[in-house]
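Fold and geometry: a report
Residues per chain are reported as follows:
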Amino acid sequence: MTTLLPIAIIGTGIAGLSAAQALHAAGHPVQLFDKSRGSGGRMSSKRSDAGALDLGAQYFTARDRRFVDVVQQWQARGWVAEWTPSLYNFNNGQLTASPDEQVRWVGSPRMSAITRAMLGALPVNFSCRITEVFRGEQHWHLQDADGNSHGPFSHVIVATPAPQASPLLSSVPKLAGAAASVPMDPTWAVALAFPTALETRVEGCFVQDSPLDWLARNRSKPGRDTQLDTWVLHATSQWTKQHLDMPKEAVTEHLLGAFAELIGCAVPAPALSLAHRWLYARPASAHQWGVLADSDLGIYACGDWCLSGRVEGAWLSGQEAARRLLEHLQ
Ligand SMILES: Cc1cc2nc3c(=O)[nH]c(=O)nc-3n(C[C@H](O)[C@H](O)[C@H](O)COP(=O)(O)OP(=O)(O)OC[C@H]3O[C@@H](n4cnc5c(N)ncnc54)[C@H](O)[C@@H]3O)c2cc1C
Ligand SMILES: NC(=O)c1ccc[n+]([C@@H]2O[C@H](COP(=O)([O-])OP(=O)(O)OC[C@H]3O[C@@H](n4cnc5c(N)ncnc54)[C@H](O)[C@@H]3O)[C@@H](O)[C@H]2O)c1
């Protein structure tokens, strides 16, 4: 019996975990790496005194049949639940109800529950920033920021945002160049917790003509801690770019001000506030690549930036990376 070398997967966001699950299910050992202390990437949730707060992805929709099917399985296992917020739109200074029929999903009891469950018992090195990916005579090796080497691996899947993927793909300049051509826009996120509930029916709001792009009542999502009235505000990419290096306190103050102006009720001082800057929040434009691959060399890149820039696109891209890798092995 031959022992299969593991496949290295850099990134434990939903794209990396989607690929990992598919490869594991096909009988291939995988080894995951992430620079963060936990999984989830842009679908992670921040623990706070007001409970877990979804600072990144707010909810997701499922349009592709394959993703619809997997989300149904996640629902059956209790990893996700439907969120039916009272939706509003803010435009031209007017806050108006904007209900629709779209099904929207969230991780339960927090967004990070999905990737945590997907990771399961798969082997992973957290707090491990990969700085170099190189090929020896036959196999792949990784170098991390602490100077440790990892390997050998039969294949490598890079599942990070495009600007972070590009340097890791430098052994295949064509792939590195393609990743480098995808700019990703930043997003400032602010979470607020109020001791008494704000007197508004708003639970989610799409915003135009404001520094804000979106706001959500975090505690209206299923399974959340409801002791405090928690909110998450997202700034537009444009406002974020203009205020990229603003101190967190000033960002909180500005976005709280914009929130108080549009929400249409009294907004007291929050009991808790925190700000988070997502440097690579969303690809500036969508692509239809699915995956970037050099199958002969055994290196792949996947992530939301290879498709729609949404949770669904990231998951599909991870599936595509695994599919292409398995196809080449046959
Ligand atoms: C503020 C915000 C709001 C959003 N809202 C929505 C929404 O409502 N609906 C929706 O569908 N999508 C939303 N998105 C987009 C969605 O979150 C992403 O499309 C999706 O989570 C991307 O998954 P991914 O696996 O491709 O990348 P990521 O989640 O970014 O995962 C990449 C992982 O790679 C790791 N990594 C990076 N570099 C290295 C390295 N050198 N070594 C080791 N590890 C590394 C990172 O730590 C990270 O864990 C939002 C994103 C943000 C930021
Ligand atoms: N802030 C970030 O960095 C970031 C990154 C990626 C995605 N996102 C957001 O994630 C969401 C995911 O998109 P999706 O297609 O899965 O969800 P979706 O179908 O709910 O929303 C898509 C877009 O349609 C509009 N829209 C939808 N329903 C509306 C309603 N009831 N009233 C008014 N406008 C409405 C909004 O402009 C929204 O951005 C988008 O809103 C996108 O902007 C944000």
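Think of each chain on its own: its residues are numbered from 1, step by step along the sequence as written. Naming scheme: in the order in which they are written, chains are lettered from A and ligands are numbered from 1. It should be noted that, the model being predicted, local features are given only for residues of pLDDT at least 70 and side-chain atom pairs only at 80 or more, the latter also being counted only at that level, while totals for whole chains, interfaces and linings use all residues. With hydrogens and water set aside, each side-chain value is computed from the structure's full complement of heavy atoms.

Short version of the rule: UniProt positions are given in the numbering used here, feature names are shortened, and annotations may be inferred rather than shown by experiment.
Identification of the protein chain as Renalase from Pseudomonas spirodelae is taken from an unreviewed UniProt entry. Per UniProt, the comment on the protein chain under Sequence similarities (unreviewed entry) is "Belongs to the bacterial renalase family." Under the Function (unreviewed entry) heading, UniProt states for the protein chain: "Catalyzes the oxidation of the 1,2-dihydro- and 1,6-dihydro- isomeric forms of beta-NAD(P) back to beta-NAD(P)+. May serve to protect primary metabolism dehydrogenases from inhibition by the 1,2-dihydro- and 1,6-dihydro-beta-NAD(P) isomers."

**Overview of the overall build of the protein chain**
Here is the rule: Counting from the N terminus, the helices are DSSP H or I runs at least four residues long and the strands are E runs at least two residues long. For the radius of gyration, the atoms used are the C-alpha atoms, and the globule rule reads 2.2 Å times the number of residues raised to 0.38. Here's how the labels work: a residue is buried when its accessible area is under 20% of the maximum for its type, exposed when over 50%, partly exposed in between, all with a 1.4 Å probe on protein chains only. By definition, residues are in contact when any of their heavy atoms lie within 4.5 Å. Accessibility throughout is a Shrake-Rupley quantity obtained with a 1.4 Å probe, and a residue counts as covered only by protein chains that appear here. For the charge count, each Lys or Arg is scored as positive and each Asp or Glu as negative, with His and the chain ends excluded. Charge placement uses NZ in Lys and CZ in Arg. For Asp and Glu, CG and CD serve respectively.
In terms of helices and strands, the protein chain carries eight helices and 18 strands. Here the C-alpha radius of gyration of the protein chain, 21 Å, is about what a compact globule of 330 residues would show, namely 20 Å. Seen through its C-alpha atoms, the protein chain measures out along the principal axes to roughly 70 × 40 × 35 Å. Each of the 330 residues in the protein chain was classed as buried or not, and the buried ones make up 52%. At a minimum sequence separation of 6, the contacts of the protein chain that also span at least 24 residues come to 68%. Just so you have it, the protein chain exposes about 14900 Å², and 48% of that area is on carbon and sulfur atoms. In the protein chain, 27 positive and 29 negative side-chain charges are present, and the distance between their average locations comes to 3 Å.

**Some points on the pattern of salt bridges**
What counts is decided by this rule: One speaks of a salt bridge when a side-chain nitrogen belonging to Lys or Arg is within 4 Å of a carboxyl oxygen belonging to Asp or Glu.
Enumeration over the complete set of coordinates arrives at 14 salt bridges. Arg 219 serves as the salt-bridge partner of Asp 229, at 3.4 Å between the closest nitrogen and oxygen. Placement of Asp 229 in strand S15 (residues 229-235) and of Arg 219 in the loop between strand S14 (212-217) and S15 is noted, with a sequence separation of ten residues between them. On the basis of relative accessible area, Arg 219 is assigned to the partly exposed category, the value being 23%.

**With respect to the site of ligand 1**
What counts, and what does not: Only a single heavy atom is needed: when it lies within 4 Å of a molecule or strand, its residue is near that molecule or strand. As used in this structure description, the phrase polar contact means that two N or O atoms lie within 3.5 Å; if the pair is within protein, one of them must be able to donate a hydrogen and the other to accept it, and residues adjacent in sequence are counted only when both atoms belong to side chains. As a working rule, the residues Ala, Val, Leu, Ile, Met, Phe, Trp, Tyr, Cys and Pro are called nonpolar, Asp, Glu, Lys and Arg charged, and the rest polar, with Gly in that last group.
In the vicinity of ligand 1 there are 36 residues, among which Asp 34, Arg 42, Tyr 59, Asp 304 and Val 311 approach most closely. Within the side chain of Asp 304, a nitrogen or oxygen atom sits 2.8 Å from an oxygen atom of ligand 1. One of the backbone N or O atoms of Arg 310 is found 3.4 Å from an oxygen atom in ligand 1. In isolation ligand 1 offers 1000 Å² of accessible surface; the protein chains occlude 92% of this area. Elements with a minimum of two residues in the shell around ligand 1: helix H1 (14-25), helix H4 (162-168), strand S16 (272-283) and helix H8 (311-329). Partitioning the shell around ligand 1 into residue classes produces 17 nonpolar, 13 polar and six charged.

**Some thoughts on the packing of aromatic side chains**
Stated precisely, the cut-off is as follows: Stacked, tilted and edge-to-face pairs are distinguished by plane angle, under 30 degrees for stacked and over 60 for edge-to-face with tilted covering the rest, among Phe, Tyr and Trp rings (Trp via its six-membered ring) whose centres lie within 6.5 Å. Two thresholds decide whether a charge sits over a ring: the Lys NZ or Arg CZ must be within 6 Å of the ring centre and within 35 degrees of the ring normal.
Tallied over the entire structure, the rule returns twelve aromatic pairs. Seen in terms of ring centroids, Phe 33 and Phe 153 are 6.0 Å apart; in terms of plane orientation they differ by 85°. Their pairing is edge-to-face. Highlighted residues: Phe 33 in strand S2 (residues 30-33) and Phe 153 in strand S10 (residues 149-153), separated in sequence by 120 residues. With respect to burial, Phe 33 and Phe 153 carry one shared label: buried. Here Trp 231 and Phe 259 contribute two aromatic rings whose centre-to-centre distance is 5.2 Å and whose plane-to-plane angle is 55°, an arrangement assigned as tilted. Of the two residues, Trp 231 is situated in strand S15 and Phe 259 in helix H7 (residues 248-263); the sequence distance between them amounts to 28 residues. By way of ring pairs, the aromatic residues Phe 60, Phe 67, Trp 74, Trp 79 and Trp 315 are connected into one cluster. Directly above the aromatic system of Trp 79 lies the positively charged group of Arg 77, at a separation of 5.0 Å from the ring centroid.

**Here we look at the side chain of Gln 31**
Along the chain, the position of Gln 31 falls in strand S2. Judged by its relative accessible area of 18%, Gln 31 falls in the buried class. Among all residues touching Gln 31, those that are not within four sequence positions of it are Pro 6, Ile 7, Ala 8, Ile 9, Pro 123, Val 124, Asn 125 and Phe 153.

**Re the UniProt feature "binding site: FAD" (unreviewed entry) in the protein chain**
UniProt records the feature "binding site: FAD" (unreviewed entry) for Ala 15, Asp 34, Lys 35, Arg 42, Gln 58, Tyr 59, Ile 130, Asp 304 and Val 311 in the present numbering. The greatest C-alpha distance among the annotated residues, which extend across 297 residues, is 29.1 Å, indicating that they are dispersed rather than converging on a single site. Assessed through its relative accessible area of 10%, Asp 34 is described here as buried. Once residues within four sequence positions are removed from consideration, Asp 34 is found in contact with Gly 11, Thr 12, Gly 13, Asn 125, Phe 126, Ser 127 and Cys 128. Position of Val 311 relative to the elements: it lies in helix H8. The contact partners of Val 311, leaving out residues within four places of it in the chain, are Ile 14, Met 43, Ala 57, Phe 60 and Phe 67.

**As for the site of ligand 2**
Around ligand 2, a shell composed of 14 residues is seen, among which Tyr 59, Thr 61, Arg 63, Ser 98 and Thr 187 lie nearest. At 2.6 Å from a nitrogen atom of ligand 2 is found a side-chain nitrogen or oxygen belonging to Ser 98. Between an oxygen atom of ligand 2 and a side-chain N or O atom of Arg 282, the distance comes to 3.2 Å. Breaking the shell around ligand 2 down by element, the ones donating at least two residues are strand S4 (87-91) and S16.

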